[in-house]
Structures are given as C-alpha cells and as structure tokens.
Amino acid sequence: MKREHGAVLALALCLLLPFGGAVAQVSPPGATLSGRVTGPGGVPVEGVLVSLEGTSVQALTNAQGLYVMRAVPPGPHVLVTEHLAFAPARVDVTIPARGEVQRNISLADRPLELEGITVTADAVSRAQGEATTATVIAKEAIRHQTAASLAGVLELLPGVEAAPPGLGSVQQISLRAAPTSGMAGSTGSADLASFGTLIIVDGVPLSNNANLQSLGSSGADLSFSTSAGGGVDLRQIPAATLERVEVIRGVPSARYGDLTQGAIIVETRAGAFEPEIRTQYDPNTFETTALGGWDLGVTQSATVNFDYSRTRSMPGVTDDYANRLAGQLTHRFSQDPASPGDPPPLSLDTRVDFYRLEEDLPTNENTRPGFASSARETGLRVSQRARGRFSGDARFSLTGAVTHIWQRSWSAARLVRGAMPFTDRLTPGRSEGWFVAGPYDAELTVEGQPWLIYARGEVEKETAWLGGLHHLRGGIELRREWNSGPGYQFDMAQPPQVSFNGVQGYDRPRAFDDIPALATSGLYLDDRVVGSILGDMAYSLQLGLRLDGLHREGAWAPDFQDAVLQPRLWGELSLRPWLRVRGGWGIMSKAPSQGDLYPAPQYNDVINVNWYTDAPEERLAVLTTYVTDPTNHDLGFSTARKAEAGVEVEGWGSVLSLTGFSDRIRSGVGTMQEPSSLLREYFQLTDSLNGNGVRPRIIEPASAADTVPILVNRPSNVLTMETRGFEVTATLAEIPRIRTRIQVQGSWLRTERRFTQPYFGSSYRFSDFQLSSVKDRAPYWDGVKEIGEKQIVTYRLIHHQPALGFVVTASIQHNVKDLLDDAAARDTLSFAGYVTRGGELVPVPGAERANPEYQDLRVPRGGLLEPLSAPGDWMLGIQASKTLPLEGELRFWGFNALDRLGQYGGAGEQSRVYPRMRFGVELRIAPRVLLEMRP
Amino acid sequence: MKGRLGGIPRNGWMVAVLVGLLLGSLNPPAGLAAQDTGSIETLSEPGWARAWTPLQWTAELPRVLPDGAVALPDLLLWPAPRAGLFWTAGNPAALPADVEDRFSTFSVGTGGEEGEYRRPLDPEEISRIHGEAMGWRPFGGSGAAIGRVRVRRSEFRGALSDYDLSYPGSPYVVMDTAGSDLGRTEVELEGAGGWELGPVGFGIALGYRAHQTRTLEAPVPRSLSSADPGASVGLTWRASPSLTLGVHGRWRNHAERVTLFTVAASSRVYRLQGYFEPPPQDLGSGGYSRRVEREGYAGGVSAGGTVFGATWAAFAEVGTQDERQLPSSNPNLAADTWASDALTVGASAARALPVRNGQVSLITRMTTLSGDGGRGDLPDTVSFVADERVFQAEGELSLDASETVRLGGRVVLRYEDRDRSDQLARVGSGVESWTTWIGVAALFRPTRRLSVSASVANGWYGAGGPIPDPTQMGRAYRRYIAPELALGASDAAAQVGSVTARWSVSEAVGIWARALMDRFSPSGQVVSLQSLPEGHRNRWSVSTGVSVRRR
C-alpha cells in the first residue's frame, strides 16, 4: 500500500465515537405517517402500495384507502404510489423526529392528469440506501425531458448545459467540472471528469476502462469517433426505458468505488406495468420504444424493453444514419412475503441487456470523395441480483455480471504525402526500408473486445443502539476488465499517417489480447444512522470506510500496484422542521484505464539514409527503429478529496437548497512527456550516382552520428484538477390560480487543471527542434495551469392543467459567464530552463533568464495571453404534453425554441453561438387499449 | 387600370366567372386566407377555423399561387362556418362565448404538387406527408380551450430557395443556383384559452411554429431553420345580451437561419433585393449564412352579437412588422430592413335557416399594407416600397335536399392590388388581380353509418398591370424575378375536385377519408408575357382521420 491514510481513518473514527456518545442520550426515532389514497372523483382506492422512496418502509391501503406507516425515519422524503390501474404519484413529505404526519394522495388515470405531477428533478432527495442528498430524476420527469439517451436526462442537473438531442456523436457526462482549454495531446477536464463519473445500471457498473479504441500516442491522419480515454458513452442507455436516475454529485457512501467525480445510479423499468409504445420523431432522429411488464403467476414477472433509433450523421451532406438498437429482458422472482406489505424474503433479478451502436459514413463521390468511416459497438451484459433476508433484520445481496462489448472502428482516407523513407520493423534495430509516396488510400481498423466481470456481495442490517436507528452495511466488490480484440491494424505499406517527420514513428499494429487485465478489488463498511438529539432535532449520519486495491498485472493476487483507503462521512441535521444543514467529506479513487496502465509501445524511426532518385531500383532508405515501452509500473489510482456543505430551507410549499463544494483530484492520470534522446548515425554510400541503375550500399561503420531529442509519452499521476463551486436550487410553490410552478437552478463552477511536469510547447515547436540541425537546445516551461469558469442559471416554468391533461414546461438557460484562462506565466522570461539534444533538462534560475546567452530561449510560450470570456446570453427550451383519447399522449419539444443566435464577442471575448433550433414530437400509445377497442 | 410599361399588355383587372360543380365536401381548406397567416398551408381546416391563430402575420401579404381548395364547401367533417369575435377577429377572450360544443379531429395524409407553371423559387416538385390534430371544448363551467398541432414532412425537388416564405412582402430573399433536393420538417402548435367572469371575458392564445430544412444529399449543403412564436391576448365585455365589445393585441416573432456551404461542388448565391440586379456571390469555402429576424405587433377592436337570429362580428386591426436580415456570421454589420404597416378590417355573419336545416354564412376581410425596405450598405435610403391591398369575401349556403342528400354552394372573391417599386433600379410593378371561385358540394347518406360527398369548383384568375420589361433588365432579374411577375400578371384558370367518405363508428365518432385534385394553368385567351412559365401546376392530396363531435 503506497499511500497511507491512517491519519484520515483515525480522524473518521474520532468523529464516530463522540457522536455515538451524543446519540446515546436520545431515544430512537419513530414518527407515524398516515393518509388516504383516493382516485378520480375522490373514491378511496384499495391495494395501493405506498412506499417511502429510498427506504424499505411501505404500506398497502385498505378498503377505505387508508395507509399507515410506523417508525418512519425523520427527514425529507418522497412518498410514491404503485397501482396498475393508476398513474404513479410522488408526494413530498417531511417527517419529524417523532409524532404523527398525515398526507393524503390523489391518484389519476394518467400521469398528466395528476394534480402534483413531477416533471423536473427533485431538488433534494434521497438516493436509495443513502443518507447523502442526491438529485433524483423520476420516471415522469424523464418522460418530460427531451432526451434520446441518459445524457439528455442529466440536463436536469444544475450546471449541465442543454444540448440538442441525438445520437450522432459520443455523449459523456462531466459532473461538476467547467471546461478548461485543452492542450494538444492532454486530457481535457471534461474527459477526466467524465472518466471519473461512476455509472451504475441496475446494480452493475458500466465501464470504459478497457476501451482501447484510440489512435495511439502518435495519432494518425485518419479519424473516427471514440469514447476511449473518457467516460462511458451514454448513447448506449436509451432514455425511454429509464425508471429512475439518482445522481450523487457530492460524497457518496463507501458502497461506491471507482469514481472521482460522482455517481449516477440508473434503474430501468422492471416488474409488471402497462405495455406502451412510444415513437419520437424530429428532423434528424427517429426513435421508437416498446416496453411492457407482465406478471407470470404470483411470484414471477417479466419485462421486455426494446428501443430502436436512427439519427442523421451528417444532415444536409449525406443521407447516412447512426443507428442504435437496445433491448433488455428482465425476469424477477419474488418469494411470497409472510404478510402483505412486507418485503419478499428472497428476490432474484435476472437481466440481459443488449445494445448496438453503428454509424457508417461510406465514401460519396459527390460529397465526401475519398473519405469513409464506420464505427460499430455491440454490448451484451448478463447480470443476476439476489436479495434476501437472513433471520432477523439482516439482509444480503449478491450481484454478479458479465459484460462483453465488441467494438470495431474503421476509417479510410486518401492521404497525400511526399516520398518518405518508411519501415515496418517491429523490433529495435537498423534495417533497409522503402519509400512511400501519396496519394494513396489508407485504411485503419481498430477492433476491441472489452470484457468486464463484476461481483459484489453485501450484507446489511438495521438495528437500534446508542439511541439511533442504524443501518449497517458491509461488502466486497471485485472487478476484472480486459480486452480480447485483435487490436490496431492497417496495411503497413499504406500507413494511416503522413505526418512522419523522420524521427517520430507511427503506431504499429498492436493486438489487444496480449495486454494484461485490469483487476481491482474493494472492501467497504458503512453505517447510516438516523435519530434525534437535543429534543426534536433529527439527524442523519453516514460514516464509511472503503479500501480499493489495484492488482499488479491483472492478477487477483494480493500483489497490489496501488491501494487507497477512503474514509467518507456525511451528516445532516434538521435544526427546525423547515431548516436542514448538511455536510460531507470523503476520499474517492478511480482506477486508471487499461490503456493508461499498458500503453502501446512508442516507435521512433530515425532516418540514417534517404537516397531517393527517379529510378526506383536506385533508391535506398535505411532507418533505425527504436521501441520504447512507456509503461509506468508505479501508475496508481487517481484520488479525489471531496467536501461539501449545504443548507435547505423548506416552507410554504417551496424548497431552497444551497450547496457549496470543493473537489480536488490529485494524482490524476495524465500523460507525462519525458525528454530522452536517440542516436542517429550517418553513413556514406557506395555507387551513389544517379542513373547508374544500381542501388547503393552503406559503408560501415557510420561516418558520423548525433543525437535526436524525443519525448516519451508516459502515463503518470501528474494531473491535478480542482473544482470549487456553488449550486442552488429553488422550487417554488405552485401558484394555484394559474397552476404554475417555477424552479430555479443555478451553478457556479471554477475548475483549475494543472500538470506537474515540464511543458515543451506545441508539438510543432518541439518537432522543429527535433529536426533542426542548428538548434542545440529548446526552452521548456513549468507545467500547465488552465482555468475554466462557468455560471449557469436555469429557470423552469411548469404550467399544468389536469382537467385537460396538459402540461407545458419552459426552460430558460441563462449562460451568465464562461471564462477560460491560462494562468501559467507566459512572458518571454517565463521559461524554466532548456532541454538539450541529448534529452537533458537544464533549469535556468529566474535571475539569469534575461542574460544574453539565453536569448534563443526567450520565445513566447503560446496559448491564451489573457482571460477569454464569452458574453452572457440565454436560450429557451419548451415542452408540451397532452393526453389523447384512448390513453394516448402527445408531446412536443423545442430546443432553443426561439432560435437564439447568441452573442458575438468583441475584442478579447469569445463568441457564444447557440446551436440551431431543434424540435420534435413524441406519440405514446397503449397497445392494450387499442386491442380492446370495439365499435 | 394601369398603363403599359415596356410592352406589357395592360389588361386592368379581370373578373372571371367560375362555374363549378361540387359534390360532397370535405376539404376544407385554408386557402388564401390561411396562407396569409404564414402557417403551413393546409388542406385540412376551413378558413374560418384559422382566423384565431396567434401565428398570423401582423403586416404581411405573401404572394401565393391560387389554391382552389378554398372554394370547396365542407358539409361532412366540419361544422358550418362560424362567426364571432373569436372565429372572425381572433380575440381569445371570446372563446367561451363562441365555443359551446366539443370537437376534435385527427388526420394523417399525403400530397404532392408538380408542374412547370410556377415561379422560379417554387420547387419543381413537392411531396408531403402530415399528421394533424385539432380540437376545441368548453371546460370548467366558464372556460373554453382550443388547440391544434400539426407535423409535416415535405420534400422539394429542384428548389432554389428554402425560405419559409418564398415571396413575402420583403424584397430580400436568398437563393442559390445548385437547386439541390431539400427535405423539410415542420411543426405547428397553437392553443388558446378563454374564461368568462360575469360580463368580462379574457383569453390568451399561444402558438409556436418551427421548421427545419436541409438538403437531402448535396455537394452544396443548405440548411435552414426557423422558429416562430406568437401570442395574442384579448378582453371582451358583454355590453348587452346581443352586443359584445372586444379588444385584442397580438405579437408575432420570426427567427431564421440560412446556411450554405460547399463540400464538393461550386454554386452561386444571389441575394434577391427587389428588381435591382443582384450580384452573384460564388460560394467559397467559408460558406454563406443569413439571419432573418422579424417581429410584429397588432392591436384591434371588435364588436359582435346577434341580430335577427344571425351571429355577426366585425373588427378592425392595425399591425406593424419589422424585419432585419444580416449575415449571421457577423451580426455587427448593418442589416437589410423591411418595415410594413397594415390595416385589416373584416366582418362575418352566420345563421341557421328555418327551413331544411339550412346554414348561411358570409365572411369578408380586407387588408391594406404599405412597406419600405432599406439596404444595409445604403444607410438612410429607402430602396424599395410596396403598397398592397387584398380583399376577400366568402359566402356559403348549405341545406338538406332530402333526408339523405345535402347540398352546398360557395362563392369566393379575392381582389389583390400590389404596387411594388424599386427605388434603386427605378422600375416598379403594379399587378392587379381578381380571383373568383364558385363551388358546389353534395352529400349523400346511402346508409345510416356511411356518408359520401363529392365536390368540384372552378375558378378564374384575372390579372394584369405593368411590370418591368425583362429585356431592359439584367440576367438574374430575367431568370429569377421576371417569371414571378409575369405569372402574377397573367390570366389563369383553375379546377378543383374532391371526394370524401365518412363512416360513423358511433354518433360522435367518425372515420373518414378524402382525396382532392387541384389544377392551375394559364388561361387560353391571355396575351403571353415574356418570361411567363408554360404548362400547368397540379396539386393532389389524400388524407384520412378520425373526428369526434359532441354537444
């Protein structure tokens, strides 16, 4: 274990103990919640399952429509109802430490006729099994959101900008990170943030760790879209099949590992529910979804979800489409409970998830002559979750999943290059090469097959001691990820790179199945306790400890390459029934990707002889190939320290929530450029006369030699990313006379990204130095420090007419501020030293940098000279839903509905140009109603 | 009557008499009145059911080709034409007074248009599919609501321009010479709610229209998107049981982006600017983009009530509209502008006849408009002016001929007078036209559930007036502007017919289908003008749907 967190652990335990003493003075909580559930016309409804979201507390209504829940944990909760004949309802309720609370619920036939419909994210709610506050996006809100995938649903979060829906490009979520300007070859903050966001679907994490669909460190002159190096491509998760999305942006419990940014917990539709078909159409995208759930006897149910969508890849230019096919088959077995309303003693969920993304852009002589690409990804995940109960209150859950993904990216282009020496040598050494000249048609195929085997075992128990109701939980998590694909392939006679400069090599074909696996294991233990202190003040506390280990060479042996101990603490205190304060702190870690752990070898081909004549038989190319292994055997977890504090005020049907946070990712994985050098030999030739028809030979030994500087791109824990910010959410009470509710979300984010390594300027500048015969040194600078700042306020106005089954939502996204800054010193005296042709770094003291002997180093560093901001502006999105006869529903959405152009910045400003207006409609029908229709 | 200019015959206005035979109904249509609103031109609703739309332009009289569907009385699918402050003046506060029944209709359909008798910016061929729903109902005791939604996909072959309105009042239109095939998706949503509090009524109507147009597959991709929100508010006061007074205001906005760029071919862009010869711009790698912003306001007063058993309404409305066009890649440049003012007056009356379940209605509307345009590169200069007048009157009568047969007749008169003058080119046009439609319809009920109607109408378009002599003008004018003026100033004739069937699933619910054919061609007796297109223009549509009617 390289990093010790003993002090942190001791601190956590110290926090635990005195609190235990404090709660010992108080009695266990136990409020009673009751009410009546009525249907249209005020008729009591029997058999409605009323449950407290995120807890196991639930009750069934009796013949009078009455329900009673006892010993309800204090705090803010959401009551949800389930009944096949009625639309599910969600009602906010705040439970005091003790006493009685009454909450009546009105049901409607269809969701749009509900009085209290929820079409936005819950401002402050509970993730299931978590004390941590989270943003919960329920099914109704998802249905009112313009989204083709999970990415669109997440636009309901504060700070997430709205984007036109579609599936045409990779979609990744960046929680709590403002974009900073990207540097060529570096990891952008958005990519890092998305990579560090954990996404769990139906209890099984999705992973992009073994995605190797990239172009390698030297790149290529071909391109295709890829999510490698960043987060999970959210296009694989259709929005239409989602039941609920929980987003923990702050400090999650110890249960969640492999993250630095936050956790997104997704549940898809399961169990028995009314089948429905939804079709969405907009000028670029067509999507249709069919889903339904059926009871198979008393104890079993089956669910089938199917989604197909197609979206135009290059609208206006070609008639090509990107397609997505996604399906899910779920079987649920629930053992009969001893009494109605109790959770089943054993439930087994078996899920098979399938998706396929494909995008073909064939060459088109009219519109894209010579260019073509395709990307295909097929995923299959089989998972099994068993949840049951030991004797007493103890429960267990076992989750096992196997995920296999087939990825194939192909790109072709007509490349043009001058005649350059070329070699296909795979091992170090000198050999004769040949000349490749363009134009020629190059092709590149990258074929990967990531695998993920995941298992989790967990035990939990509720118990009352020390005056509080404790929810103890412990578990173990195992992950193994690898890639068995054939890898990176091309015809070596027609390489996909024309930017060869005589030193930097191109990426050679590489098989992925030789790369060791990525294996991690985690242990966690946490305690969630609710109770009351100092009279009626309710508290909620979650303390946890997690240990994650990164196994060396992918073996599940106790040989750890790195391990991180992660204490986490979260607390909430209800000072008054209308006032709550909360705060949390914790450490999180994220395993490096397989591509970072085992990067491709770096090839350099140094030209020794470049003898080119008009007669091919006379030509001679001699190159020395150097192969560098950039693997960093000390590469470890990226770790994050997250802290946040917040306050919530509730009253008159309104909720105001304010959260301040600080996320600090230290030792983030970035690419370190290590200077080094190669030996270059020069040879004299025999028969070096043009036109003699003879190929010359080199004369050994070398007549001269020099060194060529290179940079080795080695993944290292050199990146620091710090984000501070505030989030505010205000949900105002509905104005009953006009049936209108307003929600305001605001977010201020400031992200600072630093590389703690020398910076050598742009790749072009270093290439100049590398190839120069007169420059014996080049400047370098101290690190990179880039800053991004973003302020967004979103206003949502929700108007609702239950009698007409009509809901309209208008969202105004006000981009108050966007700023990019390059905070590193950049005047001509800011260089830190120089690199020699031998690859040696020579620092120059600041006081000497103005000396005449360093005049050649006093060059502009490049990048932003001063902060660049974008003018503020706003854009409007609208959505309108209306019930139709026969239980149908029609929904319209408009993105940038007024087609706001944005603002063109003046001097020193960047432009803010909004995407074009987009719109679409969705029709939902219930097949059962149509089948039962009679003249 | 106007004199000759440049050898163009001066025919003055011509009144044509049309005789038609219409059997059946359906196909109600919006016709010219609806097209004036700038909405998706429709073959689904009668004109009287469109006057309330908040998407109506405030001061705009686009030049459209005559559409025979306006002449077909509807005996089968829609109620008889209605009059009232809501239906005639578009005051949403009058909704509760004007809507006492429940009606809704859902339809899907397809259609097309083709033929060489067209203007340069009209596509050679159009094909369409659409889905639509519309309904109204009272609710809550003192309120009423109306709503409409339509989605349509169109494909245009040989289109030089993708503008929302190819021939608006504004002289500034962008076109390119590539003529690539285009696909357009349009959606329209509009709704209104009105409430009564004693003698006072108030209401609000909101509408939104959007369309996105792109080349289907083109080396010169073209893309256009537009967003059109509109809103109107109104107040009414019931002065007496037979007299209601109203006041209303409307706002209309339009934002449009046009972008052209080339990926593998060359093209030329023309920014038409009246009759001045537009310089061609070769489309380079930077592409071409244009931003159009239009905003209009209107306010009106209205009165209505009942007299001698007839419902009547009258209104007057003044409107204004300002348009700016500028390169969207650099909005800091001066914009081309078009400003117009309009006065519209209208009246309507409808009543049930005491015999044979008869219904009679009369709807009139007249708009006068003046506008002037300025070019961004010539500040403080009026470069184009227009004075235009459009009058339209529609009369309809329907009654039962027997227990199983109902007959209807409809007469539509439309007069247009458009004086448009280019101050820079120092030429102008003064096209006057009369369009007269007469149509008849017959409805048969062979069984208790089945109703069949058929209809035909015939129309004459009589036009004339001075237009610039093409031989004295530039090449682009002759090619892209003159044919439109020649067509507008030439006589033409049109025929339209439709057949409709309705199957009553229950007393309230019916499933229907209809087919319509419309043909428009130059009249044989007219002196052919230079640049006048030849041939004819056909339109057709087939649609089916469900309608629900309850008292």
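Residues numbered from 1 in each chain as written. Chains lettered and ligands numbered in written order. Predicted model: local features only at pLDDT ≥ 70, side-chain atom pairs only at ≥ 80, totals over all residues. Heavy atoms only, no water.

A.B. asks: Help me understand the sheet that holds strand 3 (residues 58-60) of chain A in this model?
C.D. replies: Sheet strands line up and pair through hydrogen bonds in the backbone, either parallel or antiparallel. Residues and elements named next belong to chain A. With antiparallel pairing, the four strands of this open sheet are ordered in space as 3-2-5-6. Looking at strand neighbours, the two that pair on one side only are strand 3 and strand 6 (90-95), the edges of this open sheet. With direction set aside, neighbouring strand axes in the sheet form an average angle of 25°. Summarising the sheet, strand 2 (residues 49-52) and strand 5 (residues 75-82) pair through four bridges and their orientation is antiparallel. Counterpart to valine 50 in the pairing with strand 5 is threonine 81. (Pairing = 2+ DSSP bridges. Helix = DSSP H or I, 4+ residues; strand = E, 2+ residues; numbered from the N terminus. Axes fitted to C-alpha atoms, helices over the stretch in contact; angles between N-to-C directions.)

A.B. asks: Looking at this model, I keep getting lost on the interface of chain A and chain B. Mind explaining?
C.D. replies: Buried accessible area, meaning the area lost when the parts come together, often serves as the stated size of an interface. Taken together, the 36 residues of chain A in the interface contact 41 residues of chain B. Taking both sides of the interface into account, the surface hidden between chain A and chain B amounts to around 3100 Å²; carbon and sulfur atoms contribute 61%. Between the two partners, chain A and chain B, sit two salt bridges. The closest approach of N and O atoms between arginine 291 of chain B and aspartate 899 of chain A, which form a salt bridge, is 3.3 Å. At the surface where chain A touches chain B, the tally comes to 16 residue pairs in polar contact (both at pLDDT 80 or more). Taken together, the elements giving at least two residues each to the side of chain A that touches chain B come down to strand 44 (873-884), strand 45 (888-895) and strand 48 (918-925) of chain A. (Contact = heavy atoms within 4.5 Å. Buried area = accessible area lost by both parts, 1.4 Å probe. Salt bridge = Lys/Arg side-chain N within 4 Å of Asp/Glu carboxyl O. Polar contact = N/O pair within 3.5 Å; in protein donor to acceptor, adjacent residues only side chain to side chain.)

A.B. asks: Would you mind going over the pairing of strand 18 (residues 321-334) of chain A with me for this structure?
C.D. replies: The side chains of a regular strand alternate, first on one face of the sheet and then on the other. Residue and element names in this part refer to chain A. Inspection of the sheet shows strand 17 (residues 300-312) paired to strand 18 by 13 bridges, in the antiparallel sense. What sits directly across from alanine 302, in strand 18, is histidine 331. In this structure, strand 18 lies alongside strand 19 (residues 346-361), joined through 13 bridges in antiparallel fashion. Each residue of the ladder has a partner; that of glycine 327, found in strand 19, is phenylalanine 354.

A.B. asks: Sorry if this is basic, but what is going on with the pattern of salt bridges here?
C.D. replies: Opposite charge on two side chains makes pairing possible when the charged atoms of those side chains draw close. Scanning the entire structure with this criterion turns up 101 salt bridges over all chains. The residue arginine 753 of chain A makes a salt bridge to glutamate 786 of chain A at a minimum N-O spacing of 2.5 Å. On the criterion of sequence distance, the pair formed by arginine 753 of chain A in strand 38 (residues 740-759) and glutamate 786 of chain A in strand 39 (residues 777-801) is long-range, its members being 33 residues apart. Glutamate 786 of chain A shares its class with arginine 753 of chain A; the two are buried. For glutamate 190 of chain B, the salt bridge goes to arginine 148 of chain B, with nearest N and O atoms at 2.7 Å. Of the two residues, glutamate 190 of chain B sits in strand 5 (residues 182-197) while arginine 148 of chain B sits in strand 3 (residues 143-157), which places them 42 residues apart along the sequence. Exposure remark for glutamate 190 of chain B: the relative accessible area of 5% places this residue in the buried category. Among the ionic contacts, a cluster of salt bridges with common partners joins Glu45, Arg50, Glu132, Arg148, Arg150, Arg152, Glu186, Glu188, Glu190 and Arg209 of chain B. (Buried < 20%, exposed > 50% of the residue type's maximum accessible area, 1.4 Å probe, protein only.)

A.B. asks: Looking at this model, I keep getting lost on unusual backbone geometry. Mind explaining?
C.D. replies: Generally, phi is negative for residues other than glycine and the peptide bonds are trans, each holding for most cases. Proline 701 of chain A follows glutamate 700 of chain A through a cis peptide bond whose omega is -10°. Topologically, proline 701 of chain A is positioned in strand 37 (residues 698-731). Even without being glycine, phenylalanine 308 of chain B reaches a positive phi, approximately 50°. Along the chain, phenylalanine 308 of chain B turns up in the loop between strand 11 (288-307) and strand 12 (310-326).

A.B. asks: When you look at the packing of aromatic side chains in this model, what are you seeing that I'm missing?
C.D. replies: Two aromatic rings are characterised by how far apart their centres lie and by the angle between their planes. By the definition in use, this model includes 29 aromatic pairs over all chains. Ring plane angle 50° and centroid distance 6.3 Å describe the contact between tyrosine 759 of chain A and tryptophan 781 of chain A, whose orientation is recorded as tilted. Of this pair, tyrosine 759 of chain A sits in strand 38 while tryptophan 781 of chain A sits in strand 39, placing them 22 residues apart in sequence. We classify tyrosine 759 of chain A as buried; its relative accessible area is 13%. Of the residues examined, tryptophan 781 of chain A reaches a relative accessible area of 0% and is grouped as buried. Ring plane angle 40° and centroid distance 5.2 Å describe the contact between tyrosine 415 of chain B and tryptophan 434 of chain B, whose orientation is recorded as tilted. One end of the pair, tyrosine 415 of chain B, is in strand 16 (residues 405-422); the other, tryptophan 434 of chain B, is in strand 17 (residues 427-444), and 19 residues separate them in sequence. Judged by relative accessible area, tryptophan 434 of chain B falls into the buried class, the value being 17%. Members of the aromatic cluster, joined through ring pairs, are Trp48, Trp52, Trp78, Phe86, Trp87, Phe103 and Trp136 of chain B. Its end group placed over the ring of tyrosine 321 of chain A, arginine 310 of chain A keeps NZ or CZ at 3.6 Å from the ring centre. The ring of phenylalanine 831 of chain A carries the charged tip of arginine 849 of chain A above its face, separated from the ring centre by 5.8 Å. (Phe/Tyr/Trp six-rings, centres within 6.5 Å; stacked < 30°, edge-to-face > 60°. Lys NZ or Arg CZ within 6 Å of the ring centre and 35° of its normal.)

A.B. asks: Would you take a moment to explain the confidence of the model for chain A for this structure?
C.D. replies: Atom-level detail of predicted coordinates should not be read off regions where pLDDT is low. All names here are of chain A. Counting all residues, the mean pLDDT for chain A is 85, and 93% of those residues have values of 70 or more. Here residues 1-27 is modelled with pLDDT under 50, and outside its nearest four sequence neighbours on either side it reaches 42 contacts, counting other chains as well. Scored below 50 in pLDDT, residues 182-187 makes twelve contacts in the model with residues more than four places away or belonging to other chains. (pLDDT = per-residue confidence, 0-100.)

A.B. asks: So what exactly am I meant to see when it comes to the pairing of strand 17 of chain B here?
C.D. replies: All names here are of chain B. Most of strand 17 sits inside the fold, with 15 of its 18 residues counted as buried. Of the pairings in the sheet, the one linking strand 16 to strand 17 comprises 18 bridges and is antiparallel in character. Bridge assignment links aspartate 422 to a residue of strand 17, and that residue is valine 427. The loop that links strand 16 with its antiparallel partner strand 17 comprises four residues; one of these, arginine 426, has a positive phi angle of about 60°. Pairing analysis gives 13 bridges linking strand 17 to strand 18 (residues 450-464), with the strands arranged antiparallel. Paired with phenylalanine 444 across the bridge in strand 18 is valine 452. Between strand 17 and strand 18, which pair antiparallel one after the other, the connecting turn spans five residues.

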